[in-house]
Structures are given as C-alpha cells and as structure tokens.
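Inside the fold
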Amino acid sequence: MMSKKINSLQIIKSAKRMQSISLLIKKSGRRTIAFVPTMGALHEGHLALIKKAKKVGKIVVVSIFVNPRQFSEKEDLDNYPSSIKDDIKKLRILKIDYLFLPQINEIYNPRFQTKVIVEEFQKHLCGISRKNHFDGVTTIVLKLFNIIMPDVAIFGKKDLQQFIIIKTMVRELNINVKLICHKTIREKDGLAMSSRNNHLNPKEKQIAAGIYKGLKLGKNIFMTSKNITSKKIVKLIHSFYRDLGIKKIEYIEIMNPDDMAYSIIPSRKDFIAVSVKIGGTRLIDNVEF
Ligand code: AMP
C-alpha cells in the first residue's frame, strides 16, 4: 500500500481502512498528511485548498461527505448539490493521493450519540438560525481527524465562524493538527464560490454578486471614517442590500475573531460577516478590516 505510486488516486470508502492507511503513513515517520474536508460539488474554492494541501503535505487526503448532522432542515440536505463523478475527475487532475468517500452508515451507526460542542462560539451568527449546525460540524471534523490523523488540515475563510470554532476545539481538546485558513476564492464579480451557488438562477446570481460589494463598502467606510460605529456601518450595508433587491437579510455583524465579541466601535482586527437569502438559497460571506 505504502509503495503505491503517489499520483494514482485511491478512493477509500471504509473508515477502518482509511485509518490503517494513515497509521502506516504516520509510522513511516517521513510523510506529512495534509487533509481537506469537503461536502463535494467541488469548485475552485475547494481546489485552492487542495492545492495548498499539496504544498504543505507529502500525502494529500480529501474527504467528501455530506454530513446530515450539520443540516437542520431536511429539505436543505436533500437539495445539497452532488457531482461525485466530476469531483473525482477534478481530484485525479490535481493528483492527490486519497479520497475518503464514506457512506453514511460508515460514519454514523444508528445509535450514534456522541457530540462535540464548542459552547459559546456556536451561539452566534449562523448558529442562531442553524440550530445544532456547528455541533454537527465539530463532531464530524473530530471524527475525520481521528480517522485520517492529518498533520495539517486546510479550511476556507469563507466559513470563518466554522474555522474559529474548529480552531477552538483543536486548542481546547489538545488535538495534534496544524490548521490553515485559506483565503476566500471568488468569481470575477466578487461572489464567493460556494456549492450552493449552483441553486442560483442568472438573475439571482447577479444579485448575489452584490453581497461582496456590500462588504467592501462597509470596509471602505471603516477605513475612511474616524470613530464610526459598527451600527452605522451595518445600517449602510443593510440599505445597500435592500436597494439591490436582497429581501432576506439574516445578519450583518461586526465581530472580533478571537473572542467573537460584537464590536461597538470596530477595530482593524474585526471582520464583517453576513448571511442573506436569495430566492431559497442561503449565502454567507465575510471580510476582514
Ligand atoms: P464545504 O464543501 O462547503 O463544506 O467546504 C469545504 C471547505 O472548503 C471548507 O473549509 C470551506 O470553508 C472551504 N470553502 C468553501 N468555499 C470556499 C471558497 N469560495 N474559498 C475558499 N474556501 C472555500
């Protein structure tokens, strides 16, 4: 197994097998494992993370698993885009080593009852409307870490709250993995790439491009005004979105990424995070000041 040509993608469906492959690699003591967890429908954002993994690790493992425990609405889970054949093609082109592609029963037995909860940080932003979402994320990520035993794992800044929560879990549970947060990859018009963009029709996609424009507007106001309050910035972004025709704004918040405290007067360390719904599609994005 260890002598297998590095460039031929191996698709592993069994958790036990994946774990024993990782153990063998680790025992050799020479090859770092870089890991990118995904839910598939791979786009340029995912691929950028995988390219980074190739730079920092000798062995690259990507997982594709649509984790039901991080969806609160069944409909959202059922509609989650899937393109596994295309995904495998993309992974072959990138010449990664392993795709971990488990079936649901490989990950959760019917009596599965363990949860990892990062209590405070999961209460904010997306955690308000998506109950149990982050518990689902932390539980699956820890499980994947235990199966794949990566030295390095790469996540996207697009899901900044997710990254902050995973970083907290890794620190507080002494998990031996280095985390990398990769910048958000965008379409030419600024729209953050997301598997969910597949649900947007052309008109909605055009409106969605305004999400990032609103964030940049907020950042610009912060950079050019003295002592401006978060409330004022949020209000301006809000009306920018309304003018664009975005009717459902779930949140626009300015926060500190270290303690997820809401800022009254923003500082350079803060970020603006937004979640909106366009048509039936929920989209999130953020920028740092
Ligand atoms: P997902 O398949 O949506 O669970 O995403 C898998 C990983 O890709 C997560 O770490 C995401 O933050 C990251 N990701 C998703 N979209 C982007 C993007 N546009 N740019 C960079 N990373 C992304």
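Just so you know, these numbers come straight off a predicted model, no measurement behind them.

**Topic: the overall build of the protein chain**
Along its length, the protein chain carries ten helices and nine strands. Over its C-alpha trace the protein chain gives a radius of gyration of 20 Å, about what one expects of a compact globule, namely 19 Å for 289 residues. Taken along the three principal axes of its C-alpha coordinates, the protein chain extends 60 × 40 × 40 Å. Put simply, the protein chain has 289 residues, and 54% of those count as buried. Taking as baseline every contact in the protein chain between residues at least 6 positions apart, the subset at least 24 positions apart corresponds to 72%. As presented, the protein chain carries roughly 14800 Å² of accessible surface, and 51% of it is formed by carbon and sulfur atoms. Side-chain charges in the protein chain split into 52 positive and 26 negative, and the spacing between the mean points of these groups amounts to 6 Å.

**Some points on the site of the ligand**
Neighbouring the ligand are 17 residues; M39, H46, D159, I185 and M193 lie closest to it. D159 places a side-chain nitrogen or oxygen 2.6 Å from an oxygen atom of the ligand. Elements with a contribution of two residues or more to the shell around the ligand: β2 (33–38), α2 (44–56) and β5 (152–156). Per-element tally for the shell around the ligand: the top contributor is α2, with three residues. For the shell around the ligand, the per-class residue count stands at seven nonpolar, seven polar and three charged.

**Structural notes on the environment of K277**
Note on placement: K277 falls in strand β8 (residues 271–278). You can call K277 partly exposed: its relative accessible area is 33%. In this structure, the C-alpha to C-alpha distance between K277 and E250, residues 27 residues apart in sequence, is 7.4 Å. What K277 contacts, discounting residues up to four positions off in sequence, is I246, K248 and R282.

**Some remarks on helix α10 (residues 230–244)**
If you check α10, its first and last C-alpha atoms are 21 Å apart, about what 15 residues at 1.5 Å a residue would give, namely 21 Å. Taken as a whole, α10 has its buried residues at S230, I233, V234, I237 and Y241. Looking down the long axis of α10, one finds its buried residues gathered within 95 degrees of arc, a one-sided arrangement. Those residues of α10 that are exposed and angled more than 90 degrees off the buried face are K231, K232, K235 and D243.

**Side note on the domain arrangement of the protein chain**
According to the domain assignment, the protein chain contains domain 1 (3–182) and domain 2 (195–288). Taking the mean C-alpha position of each, domain 1 and domain 2 sit 27 Å from one another. Counting residues at the interface gives 21 residues for domain 1 and 19 residues for domain 2. For the domain 1 face of the interface with domain 2, the top three residues by lost area are L125, K158 and L160, together amounting to 30%. Note that R196 is salt-bridged to D76, the shortest N-O span being 2.8 Å. Inspection of the domain 1/domain 2 interface yields nine residue pairs in polar contact (both at pLDDT 80 or more). Among the elements of the structure, α6 (126–129) and α8 (160–172) are those that each provide at least two residues to the side of domain 1 that touches domain 2. Sort the elements by how many residues they give to the side of domain 1 that touches domain 2 and α8 lands first, with three residues. Classifying every residue of the side of domain 1 that touches domain 2 gives nine nonpolar, seven polar and five charged.

Analysis parameters
Residues numbered from 1 in each chain as written. Predicted model: local features only at pLDDT ≥ 70, side-chain atom pairs only at ≥ 80, totals over all residues. Heavy atoms only, no water. Helix = DSSP H or I, 4+ residues; strand = E, 2+ residues; numbered from the N terminus. Rg over C-alpha atoms; globule rule 2.2 N^0.38 Å. Buried < 20%, exposed > 50% of the residue type's maximum accessible area, 1.4 Å probe, protein only. Contact = heavy atoms within 4.5 Å. Areas by Shrake-Rupley, 256 points an atom, 1.4 Å probe, with all protein chains shown as cover. Lys, Arg positive; Asp, Glu negative; His and termini not counted. Charge placed at Lys NZ, Arg CZ, Asp CG, Glu CD. Near = heavy atom within 4 Å. Polar contact = N/O pair within 3.5 Å; in protein donor to acceptor, adjacent residues only side chain to side chain. Nonpolar A, V, L, I, M, F, W, Y, C, P; charged D, E, K, R; others polar. Expected span 1.5 Å × (residues − 1). Arc of directions from axis to C-beta. Domains from an automatic or database assignment. Buried area = accessible area lost by both parts, 1.4 Å probe. Salt bridge = Lys/Arg side-chain N within 4 Å of Asp/Glu carboxyl O.

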